Amino acid sequence: MTIADLYRSMRLIRGFEELVLDLVKHGEVVGGTHSYIGQEAVAVGVCAALRPDDLITSTHRGHGHVLAKGAEPRRVLAELLGRRDGLNRGRGGSMHAADLGKGILGANGIVGAGAPIAAGAAWAERRSGSDRVAVTFFGDGALNQGVVLETLNLAAIWRLPVLFVCENNGYATTLPARTAVAGSAVSRAEAFGIHAESVDGMSVEAVHEAASGCVAHARSGEGPALLECRTYRFEGHHTIERRFRLSYRTPEEVEQWRARDPLLTAGAELSDEERERVDAEVEAELAEALAFAQASPPPDPADASRYLYADQAAFGATS
Ligand SMILES: Cc1ncc(C[n+]2csc(CCOP(=O)(O)OP(=O)(O)O)c2C)c(N)n1
């Protein structure tokens, strides 16, 4: 994986998220979204360390994870617009994007809920004799969810091939992690005997390197690993925050982190020519994705109760 590849994937997520902010503003995405802008290096660095057949679970802030794992941007966008050609036929929306064919077991609106799903999947994979690894992304807020701590315990006891990726962006909605999380993500994992590391989540290369080590550890049967990525979200917790003046972060703090924008750092490693070429290609891909999503019809209301129960065809059937 070259730095140009990593930059391209981050650029795609950034452009996608900027497009989504615009669509939310114009009322095209019902309910708004949780922006991933600023945290791209985490999804991209971690997913670049995975095989295509590895598995992930994601969060309410999931577009970046889903795209980095290989979901088609135009189908994710159509999903956000609630259209028939959406990744989940317009039924999942922003917080429930899933694509089983790409190993994406689903974004999840319930904080911490992806952890036991990933552990269960890892257990099933190991039982079936495969060496797939499951990754679960979660925020610092999820560190205080009982189910995450229970999953750390079981994953350690059963030596499951799971990588816990904690995206510590400093806040759970408006609650600062420093006032809410006793100890640290790393010390909590270590208390369960789990291999744990903390890395600069604004550097895609640092995340990629650390994640590669953790994935190798999990795949080799040595048990789970936890990777804390120190990162920051440049936007509000949810797009609705744009309507309010919330003062839980100072403008200076936001500016300090923006100066460490992972796209600037990675982009600086490319020649101007190469960076401009990648930017233009991504822009064209997103323009095509938008046209595709907007041309897709809404689901048929007569179909509303289809896919309520387990039916593989409902998820990622085309990939
Ligand atoms: C079990 C549960 N409790 C509360 C909520 C409401 N909620 C949604 S996002 C969020 C904050 C999550 O913070 P964090 O895990 O740090 O992730 P981040 O938003 O920073 O990415 C909360 C409390 C929820 N969705 N699920």
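In short, a report on the structure. (Residues numbered from 1 in each chain as written. Predicted model: local features only at pLDDT ≥ 70, side-chain atom pairs only at ≥ 80, totals over all residues. Heavy atoms only, no water.)

Observations concerning the overall build of the chain
Then, in step 1: Within the chain one finds eleven helices and seven strands.
Then, in step 2: Against the 2.2 N^0.38 benchmark of 20 Å for 319 residues, the chain shows a C-alpha radius of gyration of 19 Å, consistent with a compact globule.
Then, in step 3: Judged by the C-alpha coordinates and their principal axes, the chain covers about 50 × 50 × 40 Å.
Then, in step 4: Excluding contacts between residues fewer than 6 apart, the proportion of contacts in the chain whose partners are at least 24 apart in sequence is 75%. (Helix = DSSP H or I, 4+ residues; strand = E, 2+ residues; numbered from the N terminus. Rg over C-alpha atoms; globule rule 2.2 N^0.38 Å. Contact = heavy atoms within 4.5 Å.)

Here we look at the pattern of salt bridges
Then, in step 1: One pass over the full model with this rule turns up 18 salt bridges.
Then, in step 2: As a salt-bridge pair, R11 and E18 come within 3.9 Å of each other at their nearest N and O atoms.
Then, in step 3: In this structure, R306 engages D303 in a salt bridge whose closest nitrogen and oxygen atoms are separated by 3.8 Å.
Then, in step 4: The exposure class of R306 is partly exposed, given its relative accessible area of 45%.
Then, in step 5: Using a relative accessible area of 25% as the deciding quantity, one classes D303 as partly exposed.
Then, in step 6: Connected via shared salt-bridge partners are R51, D53, E125, D131 and R132. (Salt bridge = Lys/Arg side-chain N within 4 Å of Asp/Glu carboxyl O. Buried < 20%, exposed > 50% of the residue type's maximum accessible area, 1.4 Å probe, protein only.)

Overview of the site of the ligand
Then, in step 1: Among the 15 residues in the neighbourhood of the ligand, the closest are listed as H60, R61, G109, G141 and N169.
Then, in step 2: Take H60: an N or O atom from its side chain is 2.8 Å from an oxygen atom of the ligand.
Then, in step 3: Within the contact set of the ligand, an oxygen atom lies 2.8 Å away from a side-chain nitrogen or oxygen of R61.
Then, in step 4: When its residues are assigned to classes, the shell around the ligand shows five nonpolar, eight polar and two charged. (Near = heavy atom within 4 Å. Polar contact = N/O pair within 3.5 Å; in protein donor to acceptor, adjacent residues only side chain to side chain. Nonpolar A, V, L, I, M, F, W, Y, C, P; charged D, E, K, R; others polar.)

Points about the sheet that holds strand 6 (residues 195–200)
Then, in step 1: Spatial strand order, 1-2-3-7-6: five strands in an open sheet with parallel pairing. Each edge of the sheet is formed by a strand with only one pairing partner; in this case those strands are strand 1 (55–57) and strand 6. Between one strand axis and the next, the sheet turns through 20 degrees on average, direction left out of account.
Then, in step 2: In terms of strand pairing, strand 1 meets strand 2 (residues 134–139) through three bridges, oriented parallel. When the bridges of strand 2 are listed, L55 appears paired with A134.
Then, in step 3: Contacts from helix 2 (residues 40–47) reach strand 2, strand 3 (162–168) and strand 7 (225–230) within the one sheet, and its direction differs from that of strand 2 by about 170 degrees. (Pairing = 2+ DSSP bridges. Axes fitted to C-alpha atoms, helices over the stretch in contact; angles between N-to-C directions.)

Side note on the state of the cysteines
Then, in step 1: All told, the structure shown has zero disulfides when counted by the stated rule.
Then, in step 2: As a non-bridged cysteine, C166 has C229 as the owner of its nearest cysteine sulfur, 8.1 Å distant.
Then, in step 3: By relative accessible area, which is 0% here, C166 ends up buried.
Then, in step 4: Owing to a relative accessible area of 0%, C229 belongs among the buried residues under this scheme. (Disulfide = S-S within 2.5 Å.)

Things to note about the packing of helix 2 against helix 8 (residues 204–219)
Then, in step 1: Look at helix 2 against helix 8: their axes get within 8 Å of each other, and the N-to-C directions meet at 40 degrees. For the element pair helix 2 and helix 8, the recorded crossing hand is right-handed. Here A41, V42, V44, G45 and V46 of helix 2 lie close against helix 8, whose contacting residues are V204, V207, H208 and A211.
Then, in step 2: Across the contact of helix 2 with helix 8, the residue classes break down as seven nonpolar, two polar and no charged. (Left-handed = near helix turned anticlockwise from the far one by under 90°.)

Considerations on the packing of helix 4 (residues 73–80) against helix 11 (residues 272–295)
Then, in step 1: At their nearest, the axes of helix 4 and helix 11 sit 8 Å apart, and the two run at 45 degrees to each other. As the angle between them shows, helix 4 and helix 11 are arranged oblique. In terms of crossing hand, the pair formed by helix 4 and helix 11 is right-handed. Residue-level inspection shows P73, R74, R75, L77 and A78 of helix 4 in contact with helix 11, the latter providing E285, E288, A289, L290, F292 and A293.
Then, in step 2: Counted by class, the contact of helix 4 with helix 11 contains seven nonpolar, no polar and four charged residues. (Parallel < 35°, antiparallel > 145°, perpendicular 65-115°, else oblique.)

Such coordinate-based values are descriptive only and should not be taken to indicate function.
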